[in-house]
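Descriptive structure summary
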Amino acid sequence: DAGITQSPRHKVTETGTPVTLRCHQTENHRYMYWYRQDPGHGLRLIHYSYGVKDTDKGEVSDGYSVSRSKTEDFLLTLESATSSQTSVYFCAISVGTISGANVLTFGAGSRLTVL
Amino acid sequence: DAKTTQPPSMDCAEGRAANLPCNHSTISGNEYVYWYRQIHSQGPQYIIHGLKNNETNEMASLIITEDRKSSTLILPHATLRDTAVYYCIVRVASGSARQLTFGSGTQLTVLP
């Protein structure tokens, strides 16, 4: 277990409110990712980080911002939540292997409902 | 990254081997084949990966054809807990995270 903790695990909020999801890792991995998963769409990358204060957009970044002020924490913020952001959010870290390939280890997910 | 094709669903009897195919006919020489699975409501879980040679670990075996255009994930003795969606992904080792795409995968149902 790579020691990834997501919080909160479940959240219900109202349209227009800000929401922050936290991903915490305990092993100082450089790369961290936020995905969302919706029925019929599979996993889609929102943002990722390749180091402290180094982040980049994924394929569905509109409406989301991220911050990484320290290696262990990667925060995903919805500045003004909308119903279309109702989803399950997964954080992941990239772990190197002996072969040179990198594999992803995922957190347990955060289920967000925007009413 | 190369596109993969997987059957949408498969059934397997408990205790029997589950063989999940993946077609990746456009794979490049430096792209690895990765398998992940996602049990309902949980985060995806890494299973195995390989480049050219067949690989085996405590969870599964990966058989890659000689031309690397397809592969098969083998769960040697499937249990009910192996019921999940299985994703086959091909990607270069140092590829951008934006290129890591999880398709629809194969829903494996292990039947008692």
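It should be noted that the structure appears before, not after, this text.
Now for a quick tour of the structure. Treat the numbers as computed from the prediction; the structure is a model and nothing was measured. (Residues numbered from 1 in each chain as written. Chains lettered and ligands numbered in written order. Predicted model: local features only at pLDDT ≥ 70, side-chain atom pairs only at ≥ 80, totals over all residues. Heavy atoms only, no water.)

What about the environment of C23(A)?
All names here are of chain A. Spelled out, the test is: Helix and strand assignments follow DSSP, with helices taken as H or I runs no shorter than four residues and strands as E runs no shorter than two, numbered in order from the N terminus. A simple rule labels every residue: compare its accessible area, found with a 1.4 Å probe on the protein chains alone, to the largest value its type can have, and call it buried under 20%, exposed over 50%, or partly exposed in between. By definition, residues are in contact when any of their heavy atoms lie within 4.5 Å.
Inspection of the secondary structure puts C23 in strand 3 (residues 19–25). Since its relative accessible area comes to 0%, C23 is described here as buried. Distance from C23 to L76, taken between C-alpha atoms, is 8.1 Å for residues 53 residues apart in sequence. Apart from residues lying up to four places away in sequence, C23 is in contact with I4, T5, M32, W34, E72, D73, F74 and C91.

A short note on the layout of surface pockets
For clarity, the threshold we go by: With a 1 Å grid laid over protein atoms only, a set of points is called a cavity when a 1.4 Å probe fits there but cannot get out and a pocket when it is open yet has protein on both sides within 12 Å along at least five of seven lines; lining residues have an atom within 4 Å of a point. Grid points are joined across faces, edges and corners, and a volume is the space filled by probe spheres set on the points.
Empty space within the largest pocket amounts to approximately 550 Å³. In terms of lining residues, the largest pocket is bounded by 23 residues, among which Q37(A), D38(A), P39(A), Q38(B) and H40(B) are the most central. Those elements that provide at least two residues to the lining of the largest pocket are strand 4 (32–38), strand 9 (87–96) and strand 11 (110–114) of chain A together with strand 8 (84–92) of chain B.

Some details on the pattern of salt bridges
All names here are of chain A. To keep it simple, the criterion reads: Here a salt bridge means any side-chain nitrogen of Lys or Arg lying within 4 Å of a carboxyl oxygen belonging to Asp or Glu.
Scanning the entire structure with this criterion turns up five salt bridges over all chains. Note that D38 is salt-bridged to R36, the shortest N-O span being 2.8 Å. Of the two residues examined, D38 and R36, each falls in the buried class. The partner of R44 in a salt bridge is D38, and the shortest N-O contact between them spans 2.9 Å. Under the relative-accessibility criterion, R44 is labelled buried at 18%. Residues joined by salt bridges that share partners form a network here, namely R22, K70 and D73.

Let's talk about the environment of P8(A)
Residue and element names in this part refer to chain A. Assignment of secondary structure puts P8 in the loop between strand 1 (4–7) and strand 2 (10–13). For P8, a relative accessible area of 29% translates into the label partly exposed. C-alpha separation for the pair P8 and Y35, spaced 27 residues apart in sequence, amounts to 15 Å. With residues near it in sequence (within four places) discarded, P8 still touches T20, L21 and S110.

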